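Observations on chain architecture
Below are the chains, spelled out letter by letter.
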Amino acid sequence: MMFPAQRLTRTALLTGFGLVMFLFETILPRPLPWAKPGLANIATLLALYLLGAASAWAVTLLRVLLGSFIIGAFMNPGFWLSLAGGMAAVAVMTALKRYGANQFSVIGISLAGALAHVLAQIIVAGLVIVGRWEIVYLLPAMLWPALFAGVVIGVTTLLLLEQIAPHLLSGNSLRNIKPMNDMDSHW
Amino acid sequence: MTAAAASRMRLQAFWKSLRPGDGFIFMLFVAFALGSLWAGRLVRAQKKAAANFVAHIRIGDRAVRSAALSETAEFTLRGAVGEMVLRVESNSIRVVRSSCPNQVCVKQGPVRYPGEMLVCVPNRLVVLIHGAETRLPGKAPAPSRGDAVTY
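Attention in this report is confined to the structure presented alongside it. (Residues numbered from 1 in each chain as written. Chains lettered and ligands numbered in written order. Predicted model: local features only at pLDDT ≥ 70, side-chain atom pairs only at ≥ 80, totals over all residues. Heavy atoms only, no water.)

1. With respect to the overall build of chain B
The number of helices and strands found in chain B is three helices and seven strands. Counting every position in chain B, which comprises 151 residues, the buried fraction comes to 32%. Summarising the internal contacts of chain B: among those between residues at least 6 apart in sequence, 35% fall at separations of at least 24. Element-wise, carbon and sulfur atoms account for 58% of the exposed surface of chain B, whose accessible area totals about 9400 Å². (Helix = DSSP H or I, 4+ residues; strand = E, 2+ residues; numbered from the N terminus. Buried < 20%, exposed > 50% of the residue type's maximum accessible area, 1.4 Å probe, protein only. Contact = heavy atoms within 4.5 Å. Areas by Shrake-Rupley, 256 points an atom, 1.4 Å probe, with all protein chains shown as cover.)

If you want it as structure tokens, here you go:
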């Protein structure tokens, strides 16, 4: 049984984790300015699976907001792109998790989130910021990296869930994490 | 349990953890990516076509006529061997009929972009497509005599 305080602290923990991932990404050199791996989405997915949709929303929105404060991009064009992408991704992922009739693993949900993220960003960039619909030329260059990133993030989250889900759900301490070769864990 | 067996079991468990919806999302993603490539190409082609390219038609040394590719027209020309019919339609130009023996020009099909050519060697026909900028005032494309024509 999860107590509100426990859920609150774990949401905060995952928000901090997502924030660190987000800041780590801004340091990474990128061949294409828009091609970020989306490591922060790991935090959203973990929150969605371990704590529920409300926590996933909180983790995402707080990460976008606090991240923009830290890198000084609050209300920049990039901030609106982040916000639109993050909101679209978390909306699609929570909907698939809730109404997907158990037909999607975390990898499929991660991919759907990546797709929603790219599409929302391109729509906002095309309609609001650039104001030219020729921005669709960028779509392939955004979608292929996003496909790759979505799979990587999904597999990473799957492995993380396998390792920490039993502990978080049972309320045990995270210090008792099982070794990697233990097979009778939850996938 | 050996390390190899453990990793094999992990892999099996991994595949089992995939759900049918994952493949669907993956295919949807690939479809979007391919579709956007295709849409971008389509838009680019339309923009190119809208640029009002012009086909300059020469027979031997003589500039016969020019035709804007945005129009629809069909005309008959007298080549070195005999008559030939050219048609301009849907932003392209092609040879419909020719009196030449090998029909290479007819089989070539339509051309539509600047720099592309239609050539009929027996009839000494050369159709060269120019971009819009060559039609700017004062810069009318001089019918080039070519460096050399050999056949």
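2. Description of the sheet that holds strand β1 (residues 54-59) of chain B
All names here are of chain B. In space, the four strands of this open sheet follow the order β2-β1-β7-β6, with antiparallel pairing throughout. Every other strand in the sheet has two partners, leaving β2 (62-68) and β6 (117-120) as the edge strands with one partner each. The sheet shows a mean angle of 15° between the axes of neighbouring strands, direction not considered. Pairing of β1 with β2, which is carried by six bridges, proceeds in the antiparallel orientation. Looking at β2, one finds that valine 54 is bridged to alanine 68. (Pairing = 2+ DSSP bridges. Axes fitted to C-alpha atoms, helices over the stretch in contact; angles between N-to-C directions.)

3. A word on helix α1 (residues 3-17) of chain B
Residue and element names in this part refer to chain B. For α1, with 15 residues, the first-to-last C-alpha span of 21 Å sits near the 21 Å given by 1.5 Å per residue. Those residues of α1 not exposed but buried are Ala6, Arg10, Ala13, Phe14 and Ser17. Within α1, the buried residues cover an arc of 105° as seen down the axis, which keeps them to one side. Residues of α1 that are exposed and angled more than 90 degrees away from the buried face: Arg8, Trp15 and Lys16. (Expected span 1.5 Å × (residues − 1). Arc of directions from axis to C-beta.)

4. Topic: the sheet that holds strand β5 (residues 92-98) of chain B
Residues and elements named next belong to chain B. Taken in spatial order, the three strands make up an open sheet running β3-β4-β5, and their pairing is antiparallel. Where the open sheet ends on each side, the last strands, each with one partner, are β3 (73-78) and β5. For this sheet, the mean angle separating the axes of adjacent strands, direction not counted, is 25°. Alignment of strand β4 (residues 83-89) against β5, held across six bridges, turns out to be antiparallel. What sits directly across from valine 88, in β5, is isoleucine 93.

5. Some words on the packing of helix α4 (residues 77-99) of chain A against helix α5 (residues 106-129) of chain A
Residue and element names in this part refer to chain A. Put simply, α4 and α5 touch, their axes get as near as 7 Å, and they point 145° apart. As α4 packs across α5, the resulting crossing turns out to be right-handed. Here Pro77, Leu81, Ser82, Ala84, Gly85, Gly86, Ala88, Ala89, Val92, Met93, Leu96 and Lys97 of α4 come into contact with α5, specifically with Ile109, Ser110, Ala112, Gly113, Ala116, His117, Ala120, Gln121, Val124, Ala125 and Ile129. A breakdown of the residues in the contact of α4 with α5 according to their chemical character gives 15 nonpolar, seven polar and one charged. (Left-handed = near helix turned anticlockwise from the far one by under 90°. Nonpolar A, V, L, I, M, F, W, Y, C, P; charged D, E, K, R; others polar.)

6. Details of the interface of chain B and chain A
Contacts between the two partners involve 24 residues from chain B and, on the opposite side, 29 residues from chain A. Between chain B and chain A, roughly 2500 Å² of surface is buried when both sides are summed, and carbon and sulfur atoms account for 76% of that area. Broken down residue by residue, the surface that chain B buries against chain A is led by Arg10(B), Ile25(B) and Phe29(B), which jointly contribute 28%. At the boundary of chain B with chain A, the tally comes to zero salt bridges. Seen at the junction of chain B and chain A, the total is four residue pairs in polar contact (both at pLDDT 80 or more). (Buried area = accessible area lost by both parts, 1.4 Å probe. Salt bridge = Lys/Arg side-chain N within 4 Å of Asp/Glu carboxyl O. Polar contact = N/O pair within 3.5 Å; in protein donor to acceptor, adjacent residues only side chain to side chain.)

7. Details of the pairing of strand β7 (residues 125-130) of chain B
Residues and elements named next belong to chain B. Note that β1 and β7 share six bridges and pair antiparallel. Along β7, the bridge assignment pairs histidine 56 with leucine 128. Both β6 and β7 contribute to a ladder of four bridges, which runs antiparallel. When the sheet's bridge partners are listed, cysteine 120 is paired in β7 with leucine 125. The hairpin formed by β6 and β7 contains four residues between the paired strands, and arginine 124 there has a positive phi angle of roughly 60°.

8. Describing the side chain of Thr15(A)
Residue and element names in this part refer to chain A. By secondary structure assignment, the location of threonine 15 is in helix α1 (residues 4-27). At a separation of 2.7 Å, a polar atom in the side chain of threonine 15 contacts the main-chain carbonyl oxygen of threonine 11. Setting aside anything within four residues of it in sequence, one finds threonine 15 in contact with Val59, Leu62 and Arg63.

9. Digging into the environment of Tyr49(A)
All names here are of chain A. Along the polypeptide, tyrosine 49 turns up in helix α2 (residues 40-50). The sequence separation of tyrosine 49 and threonine 94 amounts to 45 residues, and the corresponding C-alpha distance is 9.4 Å. For tyrosine 49, the contacting residues outside a window of four places in its chain are Lys97, Phe104, Ser105, Val106, Ile109 and Leu161. One polar contact links the side chain of tyrosine 49 to the main-chain amide nitrogen of valine 106, over a distance of 3.4 Å.

10. Things to note about the packing of α2(A) against α4(A)
Residue and element names in this part refer to chain A. Interaxial distance between α2 and α4 falls to 11 Å at its minimum, and their mutual angle equals 30°. Here α4 runs roughly parallel to α2, going by the angle between their axes. Between α2 and α4 the crossing geometry is right-handed. Contacts from Asn41, Thr44, Leu45, Leu48 and Tyr49 in α2 reach Val90, Met93, Thr94 and Lys97 in α4. (Parallel < 35°, antiparallel > 145°, perpendicular 65-115°, else oblique.)

Geometric values such as these leave the question of function open.
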